[in-house]
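Observations on the three-dimensional arrangement
Here's the letter readout for the chains.
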Amino acid sequence: MRKLILAALLCGVAQAATAQDVLGSDATAAEIRMLGEIDPSLRKAQAIVNNDIITDTDVEQRLNLVVAANGGQIDPEEKTRLRLQVIRNLIDEKIQVQQAASKDIKIADTEIESAFRRVATNFKQTPDGFTAFLKNSGSSAASIKAQIRGELAWSRLLRRDVESKVNVGDEEVQAMIARMNATKGSEELNLRKIFLAASSESEAQVLREAAVYVGEIRAGSSFTVYARQVSQDATRNAGGSIGWVTAGQLSDQVSAVVKTLAPGETSEPFAVPGGIEIWHLDSKRAAMMGDPGDAVLNLKQLSIAFPEGLSETQGQTMVKAFQAGTQAMGGCARADAVAKELGAEVAGRDMKLKELPPALQTIIGQLKIGQATPPFGSSREGIRVLVLCDRDDSTTQAKIPSFDEVYAQLNDERVNRQAQKLMRNLRRDAIIDYR
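Residues numbered from 1 in each chain as written. Predicted model: local features only at pLDDT ≥ 70, side-chain atom pairs only at ≥ 80, totals over all residues. Heavy atoms only, no water.

Topic: the environment of alanine 295
Within the secondary structure layout, alanine 295 lies in the loop between strand 7 (275-286) and strand 8 (296-304). Judged by its relative accessible area of 0%, alanine 295 falls in the buried class. Considering only alpha carbons, one finds alanine 295 and arginine 391, 96 residues apart in sequence, at a separation of 6.7 Å. (Helix = DSSP H or I, 4+ residues; strand = E, 2+ residues; numbered from the N terminus. Buried < 20%, exposed > 50% of the residue type's maximum accessible area, 1.4 Å probe, protein only.)

Overview of the packing of aromatic side chains
Here a ring pair, both rings aromatic, is described through the centre-centre distance and the interplanar angle of the planes. In this structure the tally under the stated criterion is three aromatic pairs. Geometrically, the ring pair formed by phenylalanine 116 and phenylalanine 130 is tilted, given 5.4 Å between the ring centres and 50 degrees between the ring planes. With phenylalanine 116 in helix 5 (residues 109-122) and phenylalanine 130 in helix 6 (residues 127-136), this residue pair connects regions lying 14 residues apart in the sequence. Accessibility classification places phenylalanine 116 together with phenylalanine 130 in one group, the buried group. (Phe/Tyr/Trp six-rings, centres within 6.5 Å; stacked < 30°, edge-to-face > 60°.)

Concerning the packing of helix 7 (residues 141-162) against helix 15 (residues 403-429)
One way to put it is that helix 7 packs onto helix 15 with a least axis distance of 11 Å and a crossing angle of 110 degrees. Classified by the angle between their axes, helix 7 and helix 15 sit roughly perpendicular to one another. Of the residues in helix 15, those touching helix 7 at Trp154, Leu158 and Val162 are Val415, Gln418, Ala419, Leu422, Met423 and Leu426. Looking at the contact of helix 7 with helix 15 residue by residue, the classes come out as eight nonpolar, one polar and no charged. (Axes fitted to C-alpha atoms, helices over the stretch in contact; angles between N-to-C directions. Parallel < 35°, antiparallel > 145°, perpendicular 65-115°, else oblique. Contact = heavy atoms within 4.5 Å. Nonpolar A, V, L, I, M, F, W, Y, C, P; charged D, E, K, R; others polar.)

Considerations on the pairing of strand 4 (residues 187-197)
Of all 11 residues in strand 4, nine are buried, a share of seventy percent or more. Two strands pair when backbone bridges link them, and strand 4 and strand 7 are joined in this way by 11 bridges, in the antiparallel orientation. From the neighbouring strand, isoleucine 194 faces strand 7, where its bridge partner is isoleucine 278. Examined bridge by bridge, strand 4 and strand 5 (residues 241-245) share four bridges and lie antiparallel to one another. Looking at strand 5, one finds that arginine 192 is bridged to serine 241. (Pairing = 2+ DSSP bridges.)

A short note on the sheet that holds strand 9 (residues 345-352)
Reading across the sheet, the four strands line up as 9-8-11-10 and stay open at both edges, with antiparallel pairing between neighbours. Two strands lie at the open edges of the sheet, namely strand 9 and strand 10 (376-378), each paired on one side alone. Going from strand to strand, the sheet's axes swing by 25 degrees on average, the running direction of each strand aside. One ladder, built from eight bridges, connects strand 8 with strand 9; its direction is antiparallel. Each bridged residue has a counterpart across the sheet, and for valine 296 the counterpart in strand 9 is lysine 352. On the sheet, helix 13 (residues 335-342) packs against strand 8 and strand 9 and is oriented at approximately 15 degrees with respect to strand 8.

A look at the sheet that holds strand 7
Reading across the sheet, the four strands line up as 5-4-7-6 and stay open at both edges, with antiparallel pairing between neighbours. Of all the strands in the sheet, just strand 5 and strand 6 (270-272) have a single pairing partner and so form its edges. Neighbour to neighbour, the strand axes of the sheet diverge by 40 degrees on average, direction disregarded. Here helix 10 (residues 223-230) sits on the sheet and contacts strand 4 and strand 7; the angle it forms with strand 4, its principal contact strand, is near 40 degrees.

Overview of the nonpolar core
Counting residues in hydrophobic clusters, the biggest one holds 61 residues, and the most contacted among them are Leu82, Leu134, Ile194, Leu196 and Tyr226. Per-element accounting of this core gives the leading share, eight residues, to helix 7. In this structure, Ile304, Phe322, Cys332 and Cys389 belong to the second largest nonpolar core, which totals 15 residues. (Core = buried A, V, L, I, M, F, W, Y, C linked by side-chain atoms within 4.5 Å.)

Comments concerning the confidence of the model for the chain
In the predicted model, the chain carries a mean pLDDT of 81, and 84% of its residues have values of at least 70. At the level of individual helices and strands, the chain shows its lowest average pLDDT in helix 1 (residues 2-9), which scores 39, and its highest in strand 6, which scores 93. In this model, residues 1-43 is a region of pLDDT below 50 whose contacts with residues beyond four sequence positions or in other chains number 141 contacts. (pLDDT = per-residue confidence, 0-100.)

Spelled out as structure tokens, the structure:
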């Protein structure tokens with residue numbers, strides 16, 4: 001479950017509740033100098049972006065979030081590659097904050113603290129408790145707050161200096177609505193992407209790095225976590241999410257790639273103008289026919305902790321007994337009685353299907369009323385099952401996007417493209433000295 005919590009955290013400061021909740025300066029031209037080789041045993045500067053220093057503590061705390069979200073199972077070679085990408089993104093973050101400051105855009109500490117409190121609240125923790133959680137993960141509240149500051153500063157700069165120059169005409173919005181109506185019932189895709197900036201000289205190297213990320217993701221790592229920490233465009237702040245689109249709304253190159261993906265699959269990396277992209281398909285639906293993820297579920301959870309000192313064999317026996325008891329439960333009416341027999345705790349709540357982690361979405365989406373999931377959990381969190389007591393699909397009915405919603409979508413797409421160009425220019429003007 002710790003892995004799920006970290007994945008949710010890295011999705012953004014406004015992340016909705018996950019299953020865990022049920023269960024209880026001037027910088028137009030940046031001067032950058034890389035200092036020495038990476039040595040985790042030392043606390044020293046890893047890069048200087050103008051007068052701002054990135055220490056290896058900064059790097060390690062960001063890196064530890066990714067490592068912990070992958071269960072700590074990252075081989076040394078991959079960790080080295082990932083560390084370098086984290087450094088690149090921290091450099092981008094410094095450039096963004098400095099660029100915003102050069103435009104007299106400042107983010108007050110009170111805004112950072114307010115956002116941090118919202119994150120803590122989303123995880124049913126006090127700020128102090130959340131700070132302790134981050135420390136135990138090898139990160140820190142300061143690292144998360146720095147990331148929040150960078151996101152807010154860059155977002156505010158884009159709204160003021162970029163969005164103000166983007167024009168979306170009423171006729172364009174109406175034309176888009178007409179196309180949406182014409183394609184009603186066709187396939188719509190819920191997609192995420194990772195963008196890695198690359199020049200013609202670095203393209204081959206970045207492509208190799210991207211292939212390693214794909215391998216880790218396909219082996220079970222979170223696409224959202226990787227997007228959050230290594231992607232280099234505006235979708236990074238949303239865990240790579242671009243939301244629901246039809247293939248026709250994408251470029252021919254990207255469309256050809258995503259059409260081959262099944263839900264839960266990640267593409268091979270491929271070159272695009274300015275860099276390398278990796279795409280991931282979360283789910284599919286019939287366009288404008290409602291989102292199955294909006295179905296409201298009434299769930300009960302049965303959970304049991306592992307006693308300290310339990311051997312692997314004893315743990316397996318315990319899991320089998322727990323599974324046998326809960327799978328033969330016969331519905332939610334007997335949940336309390338079965339929990340008592342098994343020595344388990346019971347909790348319940350209503351939540352949307354899409355608020356669950358992807359793996360649980362797939363399983364619970366196929367359950368009938370009264371059925372339970374297979375056991376899941378960890379040695380630390382214990383084992384759990386979720387029982388589907390009821391399901392309300394009335395909220396999944398077709399919804400025609402409003403004029404304002406379509407306008408916002410077109411506006412965001414154009415702002416994101418301009419933001420990507422701006423970052424390319426800022427990186428190009430940067431002076432980087434690797435030593």
